[in-house]
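# Chains, contacts and geometry: an overview
Now for the letters of each chain:
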Amino acid sequence: MQSTMQRQQLGVPRLLRHITRITARSRVYTPEQPAGISFGELGARAARLANALAQRGVSAGAVVGTLCAATQEHLEAYLGVPGSGRVLHTINVRLHDEQIRYVIEHGGDEVILCDSAHSARLPVILAQCPSVRLVVIVGAGQEALPVLPGKTVCRYEALLENAPSAVAWEDVDEHAAAIICYTGGTTGLPKGVAYSHRALWLQANSLCTANSLGISAATRLLPAVPLYHVNGWGLPYAALMAGAEIILPGQTLHARNLLALIERHQPTLVAGVPTIWSDVLELLRERGANSLGTVKTISCGGAPVPHTLVAAYAAMDIGMYQAWGMTETLSMSAISQLPPWAVTRAEQEHYRRKQGRVMCGLEVRVAEIGGGVLPCDGSSMGEIQIRGPWVTASYLGSDDQENFDEGWLRTGDIGTVDPDGFVALSDRAKDAIKSGGEWIPSMGLEQAIRGHPAIEDVAVVGVEDPRWQERPAAVIVFRDGQAASADELAAWLETQVARWWVPNQWVTTEELPRTPVGKIDKKRIRQMMRAGEFPLC
């Protein structure tokens, strides 16, 4: 028996019809537009973008790349490009020029929208990109446009100037590609993931549920997340869906700018990687402040969240929730909301140390690397695998199934899953340290080392050892004016972890090398360790 339900398509066109007819009064704020514009105006400008692309001969199905920050114009592209049946390719501006050239060509981009701040890079990047025929500079003033032979170059506002502000926003196939994101390319060339309209809709809807972030019309959201980083974690679409007001940070995520936006626009929910909220906390302390105003919740992901950071914000009556996900899963796949049965302080601390509970619609399991499935009992450790309607089944233009296991995505994360679906990660498969046949989790060791009062940040990597095969080495960033010897650090750490976890080597650096998406670059650190580039403590 078939159902009697209507078979209508989920996707960006349906979202556009909603924000222009139902939640049109909600607003988007930016540093350039402190008074904001309404969702209705946003939809009208998205329509002008869609019509302008059509006027330029950019057909349905064409790929439009963006080299843009968290700006109003980028959000307009989020709507107008996929909403009109085209495909948006959000390009990570932190990639090297050659990587950007590669993803533009691999993705088949025909149009590039580029912030004026990055336009000087275009002659080098686009010199070998014959697929690109139209380049649109966003936010340009009176400065000259870049000279790009064989390509039409114009300003964004000039592109929109004579385009109509109305579109019917007809449905498209919900399984068609809407947005392309590429991985960071830390272990090779970046890999493309093409998100469907249906996947975007379902993931955004999941963020609106109370067991997740509970985004609603009463929420004021400040996503301190680049819009090129996994669609800003899906937060812009979720906010648009719910009618939540959005505060976009623009070109910078510096703590001073974020605090100014928080003071001006009074968000209730903010999001970003731990480094950002650590910087904000430090600036608050410098100012002698102990409040983030109206902020009640911080969604934090992209890297393990230090327990000390969670505790510091808890003292301000702010809940900081870890989130876990990746490009291949449309970002947030698990959220560390406390379960109702975690009543005691010890129980709550137990769950705060986990990455979160898997969202409804997704399934997770634990498997031995290259082996069979393990029980989800909270203690059997292996690779976390995941599947669901917003998890990729392949990479764009590739038949390589190395990262897939009979319909499950191999995440490369090592950890456990308990019977209630809570994921606890201990390491990345490529970063785990096996010493004398026993695993030492680098993430757990880093967490412990960060508890030392003199240490600002740390990365732990495995180094070759003639007796134990591998031993941990710690690369330390000291706080300003602080220092400690290797012997002092080792003696202190022995009171925190098993003695055989204590690193054999302690070295220092002023700043940890990071990948284009802001994660600690352990591949580079291992290379520098082998070359002896770090001074000893």
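Note that the structure is predicted; figures quoted are calculated from it, not measured. (Residues numbered from 1 in each chain as written. Predicted model: local features only at pLDDT ≥ 70, side-chain atom pairs only at ≥ 80, totals over all residues. Heavy atoms only, no water.)

It is worth spelling out the sheet that holds strand β3 (residues 63–67) at this point. Ordered in space as β7-β6-β5-β3-β4-β8-β9, the 7 strands form an open sheet in which the pairing is mixed. In this open sheet, the two strands that pair with only one neighbour each are β7 (152–155) and β9 (192–196). Going across the sheet, the axis of each strand differs from the next one's by a mean of 20°, ignoring polarity. As paired strands, strand β4 (residues 87–90) and strand β8 (residues 177–182) are joined by 2 bridges and run parallel to one another. Bridge pairing in β8 links L88 to I179. Here helix α3 (residues 72–83) sits on the sheet and contacts β3, β4, β5 (109–115), β6 (134–138) and β8; the angle it forms with β4, its principal contact strand, is near 145°. (Pairing = 2+ DSSP bridges. Helix = DSSP H or I, 4+ residues; strand = E, 2+ residues; numbered from the N terminus. Axes fitted to C-alpha atoms, helices over the stretch in contact; angles between N-to-C directions. Contact = heavy atoms within 4.5 Å.)

Our next topic: helix α9 (residues 255–265). Taken together, the buried positions of α9 are A255, L258, L259, L261, I262 and H265. Looking down the long axis of α9, one finds its buried residues gathered within 160° of arc, a one-sided arrangement. When the buried face of α9 is taken as reference, the exposed residues oriented beyond 90 degrees from it are R256 and E263. On the buried face of α9, the contacting elements are β1 (27–29), β10 (220–223), β11 (245–247) and α10 (274–286). Taken from the residues just after α9, Q266 is the one with a positive phi, measuring 55°. (Buried < 20%, exposed > 50% of the residue type's maximum accessible area, 1.4 Å probe, protein only. Arc of directions from axis to C-beta.)

Under the counting rule described, the total for this entry stands at 5 aromatic pairs. With 4.7 Å between their ring centres and 55° between their planes, Y351 and F422 make a pair best called tilted. With Y351 in helix α12 (residues 345–352) and F422 in strand β22 (residues 422–428), the pair connects residues that are 71 residues apart, well separated along the chain. By the burial criterion, Y351 is buried, and F422 matches it. (Phe/Tyr/Trp six-rings, centres within 6.5 Å; stacked < 30°, edge-to-face > 60°.)

Right, let's get into the sheet that holds strand β27 (residues 505–508). Sheet strands pair by backbone hydrogen bonding; their relative direction is either parallel or antiparallel. If you trace the 3 strands from one edge of the open sheet to the other, you get β25-β26-β27, paired in mixed fashion. Sheet topology places β25 (455–465) and β27 at the edges, where each strand pairs with a single neighbour. Pairwise comparison of adjacent strand axes, ignoring direction, gives a mean angle of 25° for this sheet. The pairing of β25 with strand β26 (residues 469–478) spans 10 bridges and is antiparallel.

The final tally for this structure, using the stated rule, is 21 salt bridges. For the salt bridge of D405 with R365, the shortest nitrogen-to-oxygen distance reads 3.3 Å. Placement of the pair is D405 in strand β20 (residues 404–405) and R365 in strand β17 (residues 363–367), with a sequence separation of 40 residues. The salt bridge involving R410 is made with E383; its shortest N-O contact spans 2.9 Å. One end of the pair, R410, is in strand β21 (residues 408–417); the other, E383, is in strand β19 (residues 382–387), and 27 residues separate them in sequence. A residue is classified by how much of its surface remains accessible, and R410, at 25% relative accessible area, is partly exposed. Residues participating in the shared-partner salt-bridge network are R14, R17 and D171. (Salt bridge = Lys/Arg side-chain N within 4 Å of Asp/Glu carboxyl O.)

Another point: the state of the cysteines. Following the criterion strictly, the structure yields 0 disulfides and no others. No disulfide involves C129; its sulfur sits 12 Å from that of C114, the nearest cysteine. On the accessibility criterion, C129 (1% relative accessible area) is buried. (Disulfide = S-S within 2.5 Å.)

Over the atoms rolls a probe the size of a water molecule, and its path tells where empty space is left. Enumeration according to the criterion identifies 1 cavity of 30 Å³ or more in this entry. Empty space within the largest cavity amounts to approximately 50 Å³. Lining the largest cavity are G11, V12, L15, H197, L200, W201, A204, Y237 and M241. If you list the elements that add at least two residues to the lining of the largest cavity, you get α1 (12–21), α7 (197–207) and α8 (235–242). (1 Å grid on protein atoms, 1.4 Å probe; cavity = no way out; pocket = protein on both sides within 12 Å on 5 of 7 lines; lining within 4 Å. Points joined across faces, edges and corners; volume = space filled by probe spheres on them.)

In this model, D317 sits at a positive phi of 65°, which is unusual for a non-glycine residue. A relative accessible area of 58% means that D317 is categorised as exposed. We note that E406 has phi near 50°; this positive angle belongs to a residue other than glycine. With respect to the secondary-structure elements, E406 resides in the loop between β20 and β21.

So, on to the side chain of T329. Position of T329 relative to the elements: it lies in the loop between β14 (319–326) and β15 (331–335). Discounting chain neighbours no more than four positions away, the residues touching T329 are I386, W390, V391 and L409.

Take N92: it is sitting in the loop between β4 and α4 (97–107). Among the polar contacts listed, one links the side chain of N92 to the backbone nitrogen of R94, at a separation of 2.8 Å. (Polar contact = N/O pair within 3.5 Å; in protein donor to acceptor, adjacent residues only side chain to side chain.)

Counting residues in hydrophobic clusters, the biggest one holds 89 residues, and the most contacted among them are L79, L113, I215, L235, Y237, L240 and M332. It is helix α2 (residues 39–55) that provides the largest number of residues to this core, a total of 8 residues. By size, the runner-up hydrophobic cluster in this structure holds 28 residues, among which are A224, L283, L309 and I318. (Core = buried A, V, L, I, M, F, W, Y, C linked by side-chain atoms within 4.5 Å.)

Now for a negative patch on the surface. A contiguous patch of negative charge on the surface is contributed by D279, E282, E286 and D480. For E282, the position within the fold is in helix α10. Assessed through its relative accessible area of 36%, E282 is described here as partly exposed. (Patch = residues over 30% accessible without salt bridge, like charges linked within 9 Å, V, L, I, M, F, W, Y side chains within 5 Å. Areas by Shrake-Rupley, 256 points an atom, 1.4 Å probe, with all protein chains shown as cover. Lys, Arg positive; Asp, Glu negative; His and termini not counted. Charge placed at Lys NZ, Arg CZ, Asp CG, Glu CD.)

Okay, the environment of G139 next. Summarising the element assignment, G139 is placed in the loop between β6 and β7. The exposure class of G139 is exposed, given its relative accessible area of 58%. A C-alpha to C-alpha distance of 7.3 Å links G139 and Y156, two positions 17 residues apart in sequence.

What follows covers the packing of α10 against helix α11 (residues 307–314). Two elements in contact, α10 and α11, have axes separated by 11 Å at closest approach and are oriented at 50°. Taken together, the axis directions place α10 and α11 in an arrangement best described as oblique. As for the relative orientation of α10 and α11, their crossing is left-handed in sense. Seen from α10, the contacting residues are P274, W277, S278, V280, L281 and R285; seen from α11, they are L309, A312 and Y313. A per-class count over the contact of α10 with α11 returns 7 nonpolar, 1 polar and 1 charged. (Parallel < 35°, antiparallel > 145°, perpendicular 65-115°, else oblique. Left-handed = near helix turned anticlockwise from the far one by under 90°. Nonpolar A, V, L, I, M, F, W, Y, C, P; charged D, E, K, R; others polar.)

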